[in-house]
Each structure stands twice: as structure tokens, then as C-alpha cells.
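# Structural overview for review
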Amino acid sequence: MGLILASQSPRRRELLARLGLPFTVEAAGVDETMDPDRDPFDEVARLSQAKAAAAGAGPDDTVIAADTVVVLDGTVLGKPKSPADAARMLHALSGRPHQVMSGLTVRRGGQQWSLTAVTKVWFRPLSGAEIAAYVASGEPLDKAGAYGIQGLAASFVERLDGDYYNVVGLPLCPLVGLLRQAGVEVLGC
């Protein structure tokens, strides 16, 4: 019985390692295009379920899959396509609240457990110079919403309501609950 993380995200690998469980990584080749006519809450769940189903797992393996998006006023902010796109997103987030949604799925054999974690994040007002310097760092270019709360953008966040690790990309507390439902022991339970 193995534990498989269906993701190439270094942040997800790092977070899962914090639980002290041995696991392997197998990226799921899934089209991550979201349907703009569907609610982002439902779409991230659908994508995490598709990633879990696509992983090459045996019947006794447990697969963890996740998909994370930033949502501002109902609009999904994915990974920026360019530095200019990253700056546009950061200007839009400046001084405003937004939501980070992660679809999370645990699959074992023919069963799966899934949920969507939502964290509300408030950014302080950002200056144009701050945004330019942050974009120039390269950090926002591979992150949903063009920022990483665990990096330089930590100084942008005034407060949050919800799971911090959800904003990083893998909500650990809900994940432990799903793993236990699948029969995986975490911390001896």
C-alpha cells in the first residue's frame, strides 16, 4: 500500500512531507482548463478528482490530488502568462479581499473523498514599485493569483480567514481528515 501525490508542485511535496508520511510523486496529465460558466468552487473539486483518477495507482494505493485557484470577485486568477499579467493581477488584488480555493481529493481503490477548502485573504494596498519589484523577483510567475504567501508576498497579507496551508496549495488539516477516512494513519491515528 503506497501513498501517491498526484502533483509536481514543490510546495505540495514540501507540505505533504510535513505529515511524516512516506509518499511518491506522480504528476497526473490532466487538462486543467476550468469551465468559466461553472462555479470555481465546483471546478477545483472537479479538477482534483480528475487528477486523482488519472494517477496510475494500484487498488491498495492512496492518491492525493489538489488544484488551487485564486478568485477575485468571482473571477479565477490562474498562473500569470507573463510578467505583465502578474503585475495586472497584483494591481487587482491590491487593497482588496479575495478567496483561495483548493479542491482536494483522496482516492483509494474505488472510493474517493473530496472537498473544497476556501480561505479568505486580505491584501494591504500595494505600491506600483512594490509590485514591480515583486514581479522582477520571478516569484509570482508560477503561482495562482501571481503570489506566494510563503515567500516575499507574505508582507502583502494583512489577514486571512481559513487555512494558511490552503493558500500555499495543500490544506493539511482537511487532508488529514480525508486520509483517515481512506484508512491512512497520521500521527498513529
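Residues numbered from 1 in each chain as written. Predicted model: local features only at pLDDT ≥ 70, side-chain atom pairs only at ≥ 80, totals over all residues. Heavy atoms only, no water.

This part covers helix 3 (residues 83–93). Those residues of helix 3 lying buried are Asp85, Ala86, Met89, Leu90 and Leu93. Down the axis of helix 3, the sector holding all buried residues measures 135°, keeping them to one side. Looking at the buried side of helix 3, the elements it contacts are strand 3 (62–72), strand 4 (75–77), strand 5 (97–108), strand 6 (111–123) and helix 4 (128–136). (Buried < 20%, exposed > 50% of the residue type's maximum accessible area, 1.4 Å probe, protein only. Helix = DSSP H or I, 4+ residues; strand = E, 2+ residues; numbered from the N terminus. Arc of directions from axis to C-beta. Contact = heavy atoms within 4.5 Å.)

Before going further, it helps to spend a moment on the environment of aspartate 67. Locating aspartate 67 in the fold gives a position in strand 3. The class for aspartate 67 is buried, based on a relative accessible area of 5%. Sequence separation between aspartate 67 and alanine 50 is 17 residues, and the spatial gap between their C-alpha atoms is 10.0 Å. When sequence neighbours within four positions are dropped, the list of residues in contact with aspartate 67 reads Arg12, Glu32, Val44, Leu47, Ser48, Lys51, Met101, Ser102 and Gly103.

With that settled, the discussion passes to the nonpolar core. Judged by nonpolar contacts, the single largest core of 43 residues is most densely connected at Ile64, Leu90, Phe123, Tyr147, Leu170, Leu175 and Leu179. At five residues, helix 6 (residues 172–181) tops the list of elements feeding residues into this core. Apart from residues no more than four positions distant in its own chain, isoleucine 64 is found in contact with Leu3, Ile4, Leu5, Ala6, Leu16, Leu104, Thr105, Val106, Leu170, Leu175 and Leu179. Counting seven residues, the second largest nonpolar core, distinct from the first, contains Ala28, Ala52, Ala55 and Val63. (Core = buried A, V, L, I, M, F, W, Y, C linked by side-chain atoms within 4.5 Å.)

Moving on to the environment of arginine 107. Relative to the helices and strands, arginine 107 is located in strand 5. Look at arginine 107 and you get partly exposed, because its relative accessible area is 25%. Spatially, the C-alpha atom of arginine 107 lies 7.5 Å from that of alanine 182, the residues being 75 residues apart in sequence. Not counting the four nearest positions on each side in its chain, arginine 107 is found in contact with Ala52, Ala53, Asp61, Thr62, Val63 and Gln112. A polar side-chain atom of arginine 107 sits 3.0 Å from a polar atom in the side chain of glutamine 112. (Polar contact = N/O pair within 3.5 Å; in protein donor to acceptor, adjacent residues only side chain to side chain.)

So far we have only geometry, and geometry alone does not tell us how the molecule works.
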